[in-house]
2 protein chains.
Amino acid sequence: MRIAIYGYGNLGRGVEAAVRQNPDTELVGVFTRRDPAAVKTVTGVPVYSADTVLDYTADIDVMIICGGSASDLPVMTPKLAKYFNVVDSFDTHAKVPDHFANVDKAAAASAHTALISAGWDPGLFSLARLYMNSVLPEGKDYTFWGRGVSQGHSDAIRRIAGVKDARQYTVPVQDALMKVRNGENPDLSTRQKHTRECYVVAEDGADKALIEQQIKEMPNYFADYNTTVTFITEEEMKKNHAELPHGGLVIRSGATGEGGKHKHVVEFSLKLDSNPEFTASVLVACARAVARMNKRGIYGCKTLFDVAPADLSLLTPEEMRKKLL
Amino acid sequence: MRIAIYGYGNLGRGVEAAVRQNPDTELVGVFTRRDPAAVKTVTGVPVYSADTVLDYTADIDVMIICGGSASDLPVMTPKLAKYFNVVDSFDTHAKVPDHFANVDKAAAASAHTALISAGWDPGLFSLARLYMNSVLPEGKDYTFWGRGVSQGHSDAIRRIAGVKDARQYTVPVQDALMKVRNGENPDLSTRQKHTRECYVVAEDGADKALIEQQIKEMPNYFADYNTTVTFITEEEMKKNHAELPHGGLVIRSGATGEGGKHKHVVEFSLKLDSNPEFTASVLVACARAVARMNKRGIYGCKTLFDVAPADLSLLTPEEMRKKLL
């Protein structure tokens, strides 16, 4: 399976690493909107200009699009799905119906297969919610994120005057989590589910009290949360906050039997050292499924909900049943 | 979707309860090998003799077969798959290839769809292992069971002379579990993973020391485990051990990136008040998928590995993407 990467940031580098763990895949190259001569890949695979991508339609089985959901993917994925089988990690929840429709139109008309919103949330967490809801129709869903770095929240802090660098960790509230795990089905406000830990490097002479206040009062991002702000040095930032860990969990708490007398708690959780590398690993497994579905004549836009799990696996059906069933 | 139950024990009663939680399903009836007049269903659905099952082929969309894996299902499922779409919970791991082949032959030749080995292990745990292995090709799998009642181990104790009743709980060793969750990838022996707690009602005048010794030395069942035996009264058994709770967890601990420097721990866990009711709930969701796949002309034997998750759900694809993605 010949894979190419479109967009070479953290996620693109993650795909490059993941391809090496999957012996049925090979990396054709990386496409970038930057000057290809200025981009050096970790494994030495060739870098091409994004402008030349249509010269390679015959050489690529699946294009993994590693762009941002805000402005890149809504344009890139429908455009590329006209010429390639594609996978993306589109995660702007409210805009999924539009994105799905645009990609479906492009892919179906050109006999390509596209899988959008792959990764872990959306992605594996979505699958967990779907399986849990299917087997426990009466119940309640909870999703907690963290402990992990939120890039969006870190960026929001960096935009404040006097801030040199920042890292924001989203942290589930342990007490709320325990109640959910115990099947108590609590109603939880935003504040009751997560706290936000901010580590900030201030510029020399900056007003730290003002920065802290601006963070804590920032609407949408921090105002609805219990937020802590800790000022650290640049050295501490480099030493202790260079990585991008993340994770979280999905829980469904349901009931069966007469009067719902039997309670059941189903949980799926992730603890990830590297958010982009794990997300990329999911994208590569999805690329395998996309290539297989396309060969079978299954065209148009799909999500992980439409993929038979066997299609994600390196193993043969017999091996799967023997080793994993 | 018209469902029938073949075999009316704990699992069959669980299916009866689960059908009531799924508005797109209705229960046609229960088939039993006992005298139908002697079997009273919880919800009043009709009971028929298993001998008459072929009179109902036109009335049933999916037959859920609720028999034991040791001697019932290897005969029942291939036989019934000639005439019905079927779902079973076959769980004798070593015999899956034979069972799969027998059921596949019967179902494929008669244009029926059969789904075997549904439930939670095999079933949801198998799915967890497959997804985890697909997205983390380099890593190690662990499965822990419990805390929960093992029917097979309880039965084994009941067969000892002087034992009136017994209940055996399988319990994961917390220390081993913590090591796995921490990503330490330990090599664990049978004894290091689970302990076995036995609650025994002895007959009057029975030699309790001898019973305890016979339990603890029983090969395969107890000899390889740290086993505790507690003698209790019949009243205590009724009061504290009447339910059939179970559960467990699947963990994959993997690595990505250069030299595998980033560790990832993925966990799926269940905490169930009623093993048979939860298993039955999975079987009913599988019946939905089987009916849909059969309408699409997908025949033969399948497992959950072959089922696109969307086919298990009551929701439309649009609702699913909106609510669960």
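Residues numbered from 1 in each chain as written. Chains lettered and ligands numbered in written order. Predicted model: local features only at pLDDT ≥ 70, side-chain atom pairs only at ≥ 80, totals over all residues. Heavy atoms only, no water.

Caption draft 1: Looking closely at the side chain of Asp-311 of chain B. All names here are of chain B. As for its position among the elements, Asp-311 is in the loop between strand E14 (300-302) and helix H11 (317-323). Within the local environment of Asp-311, its side chain forms a polar contact with the side chain of Arg-296, the two groups lying 2.6 Å apart. Setting aside chain neighbours within four positions, we find Asp-311 in contact with Arg-288, Ala-289, Arg-292, Met-293 and Arg-296. (Helix = DSSP H or I, 4+ residues; strand = E, 2+ residues; numbered from the N terminus. Polar contact = N/O pair within 3.5 Å; in protein donor to acceptor, adjacent residues only side chain to side chain. Contact = heavy atoms within 4.5 Å.)

Caption draft 2: Main features of the interface of chain A and chain B. Chain A puts 67 residues into the contact, and the matching count from chain B is 68 residues. Counting each side, the surface lost to burial between chain A and chain B is near 5,900 Å², with a carbon and sulfur contribution of 62%. Where chain A packs against chain B, one counts zero salt bridges. In this structure, the connection of chain A to chain B is made through 31 residue pairs in polar contact (both at pLDDT 80 or more). (Buried area = accessible area lost by both parts, 1.4 Å probe. Salt bridge = Lys/Arg side-chain N within 4 Å of Asp/Glu carboxyl O.)

Caption draft 3: Broad picture of the nonpolar core. Of all hydrophobic cores here, the largest spans 156 residues; its most connected members are Met-63 of chain A together with Met-63 of chain B. Each residue touching Met-63 of chain B, except ones within four places of it in the same chain, is listed here: Ala-4, Ile-5, Tyr-6, Phe-31, Val-53, Leu-80, Phe-84, Asn-85, Val-86 and Val-87 of chain B. (Core = buried A, V, L, I, M, F, W, Y, C linked by side-chain atoms within 4.5 Å. Buried < 20%, exposed > 50% of the residue type's maximum accessible area, 1.4 Å probe, protein only.)

Caption draft 4: Structural view of the packing of aromatic side chains. Applying the stated rule across the entire model yields 13 aromatic pairs over all chains. When the ring of Tyr-131 of chain A is compared with that of Tyr-131 of chain B, the centres are 6.0 Å apart and the planes differ by 65°; the resulting orientation is edge-to-face. Here Tyr-131 of chain A, found in helix H4 (residues 124-135), pairs with Tyr-131 of chain B, found in helix H4 (residues 124-135), and the two come from separate chains. Residue classification places Tyr-131 of chain A among the buried positions, given a relative accessible area of 9%. Measuring from centroid to centroid gives 5.3 Å for Trp-120 of chain B and Phe-125 of chain B, while their planes differ by 75°, and the two rings are edge-to-face. Relative accessible area serves as the criterion here: at 7%, Trp-120 of chain B is assigned to the buried category. Residue Phe-125 of chain B is classed as buried on the basis of its relative accessible area of 0%. Pairwise contacts between aromatic rings join Phe-31, Tyr-48 and Tyr-56 of chain A into one cluster. Residue placement shows Arg-147 of chain A over the ring face of Tyr-169 of chain A; its charged tip is 4.3 Å from the ring centre. A cation sits over an aromatic face here: Lys-193 of chain A above Phe-144 of chain A, 5.4 Å from the ring centre. (Phe/Tyr/Trp six-rings, centres within 6.5 Å; stacked < 30°, edge-to-face > 60°. Lys NZ or Arg CZ within 6 Å of the ring centre and 35° of its normal.)

Caption draft 5: Geometry of empty space enclosed by the protein. Evaluation of the coordinates by the stated rule reveals two cavities of 30 Å³ or more. Residue lining of the largest cavity: 14 residues in total, with Tyr-131 and Phe-268 of chain A together with Ala-128, Tyr-131 and Phe-268 of chain B positioned closest to the centre. At the level of secondary structure, the elements contributing two or more residues to the lining of the largest cavity comprise H4 and strand E13 (262-272) of chain A together with H4 and strand E13 (262-272) of chain B. Among the residues making up the lining of the largest cavity, the classes are represented as 14 nonpolar, no polar and no charged. Empty space within the second largest cavity amounts to approximately 30 Å³. Lining of the second largest cavity is provided by Ser-134, Val-135 and Pro-137 of chain A together with Ala-18, Gln-21, Asn-22, Ser-281, Val-284, Ala-285 and Arg-288 of chain B. Elements supplying a minimum of two residues to the lining of the second largest cavity: H4 of chain A together with helix H10 (275-295) of chain B. Here the lining of the second largest cavity takes four residues from H10 of chain B, the largest share from any one element. Partitioned by chemical class, the residues of the lining of the second largest cavity number five nonpolar, four polar and one charged. (1 Å grid on protein atoms, 1.4 Å probe; cavity = no way out; pocket = protein on both sides within 12 Å on 5 of 7 lines; lining within 4 Å. Points joined across faces, edges and corners; volume = space filled by probe spheres on them. Nonpolar A, V, L, I, M, F, W, Y, C, P; charged D, E, K, R; others polar.)

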